[in-house]
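Residues per chain are reported as follows:
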Amino acid sequence: MLKGRRVIRGIGVSSGIVMGTARVIFPGEKKVPEVAIPPSRVQAEIASLERAVARTVEELTRLRESAGKRIGGPVAKIFDAQLLIASDYEFLQQVKEQIVSRRRNAGYIYSKLVGDTTLQLRRSPDEYMRQMAVDIEAVAKRVVSHLNRHRRRPQVKFTANTILVGKLFTAAEVMNYRNLKALGLLTNEGGRNSHMAMIARSLMMPVVVADFTWSDVSNGSRIILDGTNDVAIINPNQTDWTDYQKLRKRQGPALITRIKKLPQIPPVTKDGKEVPVAANLELPGPVEDVLCERRIPIGLYRTEFMYLQANHFPTEEEQFDYYSRIAEKFAKTEVILRTFDLGSDKFKEDGLLEREDNPALGLRGIRSMLEMPDIFKQQVRAILRASTGGNIKLMLPMISDSTEVDRAKKLIALVKYELRKERIPFDPDMKVGIMVEVPSAALMADQLAKRVDFMSLGTNDLTQYTISADRNNQRVASLYTPYHPSVLQLVKMTVDACHRAGIPVSICGEVAGDPLALPLFIGMGVDSLSMNPAKIFDLCRQVKKIDSNLVKHLVGSVMASGSPQAVIRKLQSYRSALDKN
Ligand code: PEP
Ligand code: MG
């Protein structure tokens, strides 16, 4: 083993595999020095603060425009939050007042007040609050750097194949580093819903968030960053390097090119059974464009991202425009729009939902929507209005019992009634389905299946709730696996219940795109699989190796396993046998 080899397990918040050289961006800026200023300089100091803020606003506006051109308008709204922060009148007044009363330099006062504000936010268990702290600090960095113009750092230059390693990256930094051709990011901070992760996914830049220390990695270290499998290897040995080279070769060309090639590899099993494959999407961007061009259906559109990247709750008209654009794009195939899966940790407007100690087990998904029927009805109205082309389906997240389905359907019926009265067109037969991601829903899938048009297994949440292992907590990452026999039992129960009721069932959790699980899901008779677009190409290539009749026999033996490890071993040996044939 090479000295210094480190395998860092984390969470891949943007998928893809890159191999290169680490460039460490050291955490934190140097503290702004405190400088006493004479009374005669106070007004000049205030004037430089105003100039620095104005420049920051200009920069952010330009950034928003360029993000809009590169990725798409809705994603560019991520920068609106920073623009609002930069022009916060009350905060600037406070800074000015303190410059006058304390007679200290603007940079010092500004950073001090920002530090006081973000200290609490950073510690918050609430992801939205932590994101706000990141945005405030990103703005502060710009303002202070304008104040210290003469000391601004020159633009960093990278060699080819640079993978950046840092404590935290902002959305703007991701855009900037991508422009500078950085390959990927390894970072300490940022969740899947952080602005950094959203921008990185839109730009197809792999990112792994992990708990590592600065002694694990130094400038110039070789590094393999695998956002698809949640791992980074620092100073990999030759075997790691060649294995990953092979893996990348097996995966073939870049994502967009791979998706373009999809029509050449139809997902049909050896014995001619079609396994429909769809994509999961969150935001517009180049991936959405190419999926639409190739007519790949969308099995899960996570609509809450349109809210998460904006700075206000989208109005009905904004939502209507958003969904109509999607409906139009995917007119030749189909899109499943999942209604907002929002919990108290994600609502930005104060007072909408009380903060909770444990949002994952709180008012999330359909629960919060039923608590706020006006918001739910507004979304349903916008979706129904966009449904006139007949290619939209609506899916309800986090269903845990049949009353939730009944209540949601009643509200949908009410919205239809109102639209009819207003003579607003919509598709009266729009299909309504549910996600099965709570064990209670899987256990009573028979009753639920009678009430809906389709079901989709959200195995990401189903796994965390079945095993009681937080999907975002790296410390229990070794427990969190969809290959746990109990999770697979719940998947099978749901599939069987749907088939008894004569409705289709899909899987849209991450495991849907895992070639290892594919024979099992085909054997269970899952009707379609919806996955991260990065996984579609590889999966389609696996389908043709499988005989749909033979894999039926695999199900029983895998389900009888006593541990996730045993499940994985059986599936691995099945796969090796397939690869040999
Ligand atoms: C899931 O839980 O498996 C799922 C697809 O939903 P999300 O990942 O958005 O929670
Ligand atoms: Mg889920």
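Residues numbered from 1 in each chain as written. Chains lettered and ligands numbered in written order. Predicted model: local features only at pLDDT ≥ 70, side-chain atom pairs only at ≥ 80, totals over all residues. Heavy atoms only, no water.

Chemist: Can you help me understand the domain arrangement of the protein in this one?
Modeler: Frequently, the measure chosen for interface size is the accessible area removed from exposure when the parts meet. In terms of domains, the protein is made up of domain 1 (6-27 + 157-250), domain 2 (39-147) and domain 3 (260-580). Each of domain 2 and domain 3 has a C-alpha centre, and the two are 38 Å apart. Contacts between domain 2 and domain 3 engage 12 residues on the former and 13 residues on the latter. Between domain 2 and domain 3 lies a buried interface of about 1100 Å² when both sides are counted; carbon and sulfur atoms form 61% of it. Counting the contacts that link domain 2 with domain 3 gives 0 salt bridges. Connecting domain 2 to domain 3 are 0 residue pairs in polar contact (both at pLDDT 80 or more). Top element by residues in the side of domain 2 that touches domain 3 is helix α3 (residues 78-86). It accounts for 4 residues. Within the side of domain 2 that touches domain 3, the residues separate by chemical class into 8 nonpolar, no polar and 4 charged. (Domains from an automatic or database assignment. Contact = heavy atoms within 4.5 Å. Buried area = accessible area lost by both parts, 1.4 Å probe. Salt bridge = Lys/Arg side-chain N within 4 Å of Asp/Glu carboxyl O. Polar contact = N/O pair within 3.5 Å; in protein donor to acceptor, adjacent residues only side chain to side chain. Helix = DSSP H or I, 4+ residues; strand = E, 2+ residues; numbered from the N terminus. Nonpolar A, V, L, I, M, F, W, Y, C, P; charged D, E, K, R; others polar.)

Chemist: Help me out: how do you make sense of helix α23 (residues 552-559) in this one?
Modeler: What sets the pattern is the α-helix's 3.6 residues per turn: residues three or four places apart point alike. Among the residues of α23, Leu554, Val555, Val558 and Met559 are the ones counted as buried. Angular distribution of buried residues about the axis of α23 spans 120°; they occupy a single face of the element. Packing partners of the buried residues in α23 comprise α20 (485-501), α21 (518-524) and α24 (564-580). (Buried < 20%, exposed > 50% of the residue type's maximum accessible area, 1.4 Å probe, protein only. Arc of directions from axis to C-beta.)

Chemist: Got a minute to help me understand the coordination of the magnesium ion (ligand 2) in this structure?
Modeler: Around the magnesium ion (ligand 2), the protein supplies Glu437 (OE) and Asp461 (OD) as donor atoms, at distances of 2.0 to 2.2 Å. A residue pair is termed long-range when its members are at least 10 positions apart, and glutamate 437 in the loop between β12 (432-436) and α17 (439-443) and aspartate 461 in helix α19 (residues 459-467) qualify at 24 residues. Of the two residues examined, glutamate 437 and aspartate 461, each falls in the buried class. (Donors = N, O, S within 2.8 Å, 3.2 Å for Na, K, Ca; no water.)

Chemist: Whenever I open this one, the sheet that holds strand β1 (residues 6-14) confuses me. Can you help?
Modeler: What links the strands of a sheet is backbone hydrogen bonding, and the strands pair in either a parallel or an antiparallel sense. Sheet architecture is closed into a barrel: 7 strands sit in the order β1-β5-β4-β3-β2-β6-β7, paired in mixed fashion. Across the sheet, the mean angle from the axis of one strand to that of its neighbour is 35°, orientation sign disregarded. Pairing between strand β2 (residues 17-25) and strand β6 (residues 222-226): 5 bridges, direction antiparallel. Opposite glycine 20, over in β6, you have isoleucine 223 as the bridge partner. Those strands touched by helix α8 (residues 195-202) are β1, β4 (184-187) and β5 (207-210), and its axis lies near 80° from that of β1. (Pairing = 2+ DSSP bridges. Axes fitted to C-alpha atoms, helices over the stretch in contact; angles between N-to-C directions.)

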